[in-house]
Amino acid sequence: MRVRLELARIGTTMEEGTIVRRSVAEGNRFKAGDILYELNTEKVTNDVEARGDRTVLELLVNEGDVALVGEDVCVVESL
């Protein structure tokens, strides 16, 4: 099943964030707990972890891009 993953909300007032570094590429498989990307907000930089086991089908936001909370950052498929 194909699923779109949204930009993670780190804090209650967060409205946008910058993808600083990706840890996965298209075609990569990942497991729950793996780091997907490093997210920079006004206040802090955090690692965003996967919540399930999946495969990356398409990256929608690139490193250095600013994305809004709720914006799709990638398309994945269940393993």
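The structure contained in this document is the topic of the report that follows. Along each chain, residues carry numbers from 1 onward, in the same order as the chain's sequence is written. Since the coordinates come from a predicted model, pLDDT governs what is reported: local features require at least 70, and pairs of side-chain atoms require 80 or more to be given and counted, while whole-chain, interface and lining totals use all residues. In computing side-chain properties, one takes all heavy atoms of the structure into account and sets aside hydrogens as well as water.

### Some remarks on the layout of surface pockets
Step number 1: Volume-wise, the largest pocket comes out at about 320 Å³.
Step number 2: Here a cavity denotes a set of grid points, spaced 1 Å apart and computed over the protein atoms alone, in which a 1.4 Å probe fits but from which it cannot get out, and a pocket denotes an open set meeting protein on both sides within 12 Å along at least five of seven lines; residues with an atom within 4 Å of a point are reported as lining. Considering the residues around the largest pocket, the lining is formed by 15 residues, among which Glu6, Leu36, Val48, Glu49 and Arg51 are closest to the centre.
Step number 3: Looking at the lining of the largest pocket, the elements with two or more residues in it are β1 (2-6), β4 (35-40), β5 (45-49) and β8 (72-78).
Step number 4: We count a stretch as a helix when DSSP gives it H or I for four or more residues in a row; a strand needs E for two or more, and each element gets its number in order from the N terminus. Per-element tally for the lining of the largest pocket: the top contributor is β5, with 3 residues.
Step number 5: Residue composition of the lining of the largest pocket, by class: 9 nonpolar, 1 polar and 5 charged.
Step number 6: The wall of the second largest pocket is formed by Ile10, Gly11, Thr13, Met14, Glu15, Glu16, Thr41, Glu42, Lys43 and Val44. Grid points are joined across faces, edges and corners, and a volume is the space filled by probe spheres set on the points. Residues are grouped as follows: Ala, Val, Leu, Ile, Met, Phe, Trp, Tyr, Cys and Pro are nonpolar; Asp, Glu, Lys and Arg are charged; every other residue, Gly included, is polar.

### Concerning the environment of tyrosine 37
Step number 1: Counting through the fold element by element, tyrosine 37 comes out in strand β4.
Step number 2: Taking relative accessible area as the criterion, tyrosine 37 reaches 3% and is therefore assigned buried.
Step number 3: With residues up to four places along the chain from it excluded, the contact list for tyrosine 37 reads Glu6, Leu7, Ala8, Ile19, Arg21, Arg22, Ser23, Asn46, Asp47, Val48 and Val73.
Step number 4: There is a polar contact of 3.1 Å between the side chain of tyrosine 37 and the backbone nitrogen of alanine 8. Buried means the residue's accessible area, taken with a 1.4 Å probe over protein chains only, is under 20% of the maximum for its type, while exposed means over 50%, and partly exposed covers the values in between. Contacts: residue pairs with any heavy atoms within 4.5 Å of one another. N or O atoms closer than or at 3.5 Å make up a polar contact, with two conditions inside protein: a donor-capable atom paired with an acceptor-capable one, and, for residues adjacent in sequence, both atoms drawn from side chains.

### So, the pattern of salt bridges
Step number 1: The term salt bridge refers to a pairing of a side-chain nitrogen on Lys or Arg with a carboxyl oxygen on Asp or Glu at a separation within 4 Å. All told, the structure shown has 2 salt bridges when counted by the stated rule.
Step number 2: Arginine 4 is paired through a salt bridge with aspartate 72; the nearest N and O atoms lie 3.5 Å apart. Of this pair, arginine 4 sits in strand β1 while aspartate 72 sits in strand β8, placing them 68 residues apart in sequence.
Step number 3: We note a salt bridge from glutamate 38 to arginine 21, for which the minimum N-O separation is 3.6 Å. Here glutamate 38, found in strand β4, pairs with arginine 21, found in strand β2 (residues 16-22); they are 17 residues apart in sequence, far enough to count as distant.

### Observations concerning a negative patch on the surface
Step number 1: Note that patches include only residues with greater than 30% relative accessible area and no salt bridge, and the join distances are 9 Å for like charges and 5 Å for nonpolar side chains (Val, Leu, Ile, Met, Phe, Trp, Tyr). Throughout, the Shrake-Rupley method with a 1.4 Å probe supplies accessible areas, and for residues the shown protein chains are the sole cover considered. Charged-residue counts in this description rest on Lys and Arg as positive and Asp and Glu as negative, His and the chain ends being excluded. Charge positions are represented by NZ for Lys, CZ for Arg, CG for Asp and CD for Glu. Where like charges cluster on the molecular surface, the negative patch consists of Asp34, Asp47, Glu49 and Asp53.
Step number 2: Mapped onto the secondary structure, aspartate 34 falls in the loop between β3 (29-30) and β4.

### Some remarks on the sheet that holds β8
Step number 1: Two strands are counted as paired when DSSP detects at least two bridges linking them. On the basis of which strands lie adjacent, the open sheet formed by 4 strands has the order β1-β8-β6-β3 and antiparallel pairing. Whereas interior strands pair on both sides, the edge strands pair on one side only; in this sheet they are β1 and β3.
Step number 2: Taken together, the 5 bridges between strand β6 (residues 54-59) and β8 define a ladder with antiparallel strand orientation. Bridge pairing in β8 links leucine 59 to cysteine 74.

Everything listed here is a matter of geometry and, on its own, says nothing about what the molecule does.
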